[in-house]
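Listed here are the chains, written in short residue letters.
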Amino acid sequence: MNKILLINGSNRDAYSYKILKEIQKEINDAELVKLNDYNIEFCKGCLYCDKNAKCIIDDDLNKVINQISNNDIIVFAIPNYFGGMSGFFKNFIDRLHYMYKRSIFKDKKVVFIYTGALEDDSITMEEMTKSTHNIEKYLELNVINRYSFSSRKELDIDKVNSIIDNLK
Ligand SMILES: Cc1cc2nc3c(=O)[nH]c(=O)nc-3n(C[C@H](O)[C@H](O)[C@H](O)COP(=O)(O)O)c2cc1C
């Protein structure tokens, strides 16, 4: 049985969080991590990680890394800010720079849930797929599914259920 980690990439407990909670209701064993519960400092840009295979900053990032290591499928819920991933989430990704060419994601499966306020969530899908493209490339993410939601509408439960079915 695959171990599933749900990561809320929003800096608040709102729409993206709600989707993940719905998933967790049906997949009880899934662990839910809220990045806003962790102290994850900004990347300093020092590139210490190029030579040392770890980040020079010793903060809560390490806890999240451990949780990722202990699971098989990582589900990221990420809000769309100005046509791309939010700065809050991007900083988390920037801090993973030391995984470039030595990614812990190599043996994992990844699912992206993109949320945006536009009614037409196909635009969110298009913008966010572009936004995460290079992360997938450099961190060698094996993205098995991606979904987009409009936070302007009632939660699309059918879509949530299809995520759950595909995760099971
Ligand atoms: C600064 C900012 C910029 C945003 N830009 C966009 C955008 O370009 N396109 C979009 O569809 N929604 C945009 N939104 C709306 C959020 O993506 C939307 O509310 C999302 O569901 C937030 O996720 P959360 O509720 O989990 O925090 C923006 C919100 C903020 C705060």
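Residues numbered from 1 in each chain as written. Predicted model: local features only at pLDDT ≥ 70, side-chain atom pairs only at ≥ 80, totals over all residues.

A. Just the overall build of the protein chain, in detail. Assigned secondary structure in the protein chain consists of six helices and six strands. By the compact-globule yardstick of 15 Å for 168 residues, the protein chain fits well, its C-alpha radius of gyration being 15 Å. Here the protein chain, with 168 residues, has 33% of them falling under the buried criterion. Counting contacts in the protein chain only where the partners sit at least 6 residues apart, residues at least 24 apart contribute 76% of the total. (Helix = DSSP H or I, 4+ residues; strand = E, 2+ residues; numbered from the N terminus. Rg over C-alpha atoms; globule rule 2.2 N^0.38 Å. Buried ≥ 20, exposed ≤ 12 C-beta atoms within 10 Å, placed from the backbone. Contact = placed C-beta atoms within 7 Å.)

B. Looking closely at the packing of helix α1 (residues 15-26) against helix α6 (residues 157-167). Running from N to C, α1 and α6 cross one another at 50 degrees; their axes reach a closest spacing of 10 Å. Overall, the two elements α1 and α6 adopt an arrangement that is oblique. Note on packing geometry: the crossing formed by α1 with α6 is right-handed. Here Ile19, Glu22, Ile23 and Glu26 of α1 come into contact with α6, specifically with Val160, Ile163 and Ile164. Here the residues of the contact of α1 with α6 are counted per class, giving five nonpolar, no polar and two charged. (Axes fitted to C-alpha atoms, helices over the stretch in contact; angles between N-to-C directions. Parallel < 35°, antiparallel > 145°, perpendicular 65-115°, else oblique. Left-handed = near helix turned anticlockwise from the far one by under 90°. Nonpolar A, V, L, I, M, F, W, Y, C, P; charged D, E, K, R; others polar.)

C. Molecular detail of the pairing of strand β6 (residues 143-150). Taken together, the seven bridges between strand β5 (residues 109-116) and β6 define a ladder with parallel strand orientation. Considered in β6, the bridge of Phe112 is made with Arg146. Considered for its hand, the β-α-β crossover made up of β5, helix α5 (residues 121-138) and β6 is right-handed. (Pairing = 2+ DSSP bridges. Right-handed = clockwise from strand over helix to strand, strands pointing away.)

D. Examining the pairing of strand β3 (residues 73-81) more closely. Among the nine residues in β3, eight count as buried, and that is most of the element. With five bridges connecting them, strand β1 (residues 4-8) and β3 associate as parallel partners. Paired with Leu6 across the two strands is Val75, which belongs to β3. Pairing of β3 with β5, which is carried by seven bridges, proceeds in the parallel orientation. Among the inter-strand pairings, Ile74 is bridged to a residue of β5, identified as Val110. Strand direction decides the pairing type here: β3 and strand β4 (residues 84-85), joined by two bridges, are antiparallel. Residue Asn80 lies in a different strand from β4, and its bridge partner there is Met85. Counting the residues in the hairpin turn of β3 and β4 gives two residues, including Phe82, whose phi is positive at 50 degrees.

E. Focus on the site of the ligand. Surveying the vicinity of the ligand reveals 17 residues, the closest of which are Ala14, Tyr15, Ser16, Gly116 and Ser151. Of all the elements in the fold, those that place two or more residues in the shell around the ligand are α1, β3 and β5. By residue class, the composition of the shell around the ligand is eight nonpolar, eight polar and one charged. (Near = placed C-beta within 6 Å.)

F. The arrangement of the nonpolar core in detail. Counting residues in hydrophobic clusters, the biggest one holds 35 residues, and the most contacted among them are Leu6, Ile7, Ile19, Val75, Phe76, Ile78 and Ile113. Ranked by residues supplied to this core, first place goes to β3 with six residues. Those residues in contact with Val75 that sit more than four places away from it in its chain are Ile4, Leu5, Leu6, Ile7, Val111 and Ile113. (Core = buried A, V, L, I, M, F, W, Y, C linked by C-beta atoms within 7 Å.)

G. Quick look at unusual backbone geometry. Located in the positive-phi region is Ala53, a residue other than glycine, with phi close to 55 degrees. Among the secondary structure elements, Ala53 is positioned in the loop between α2 (48-52) and α3 (61-69). Although it is not a glycine, Phe82 sits at a positive phi angle of roughly 50 degrees. Note on placement: Phe82 falls in the loop between β3 and β4.

Interpretation in functional terms is not warranted from these geometric data alone.
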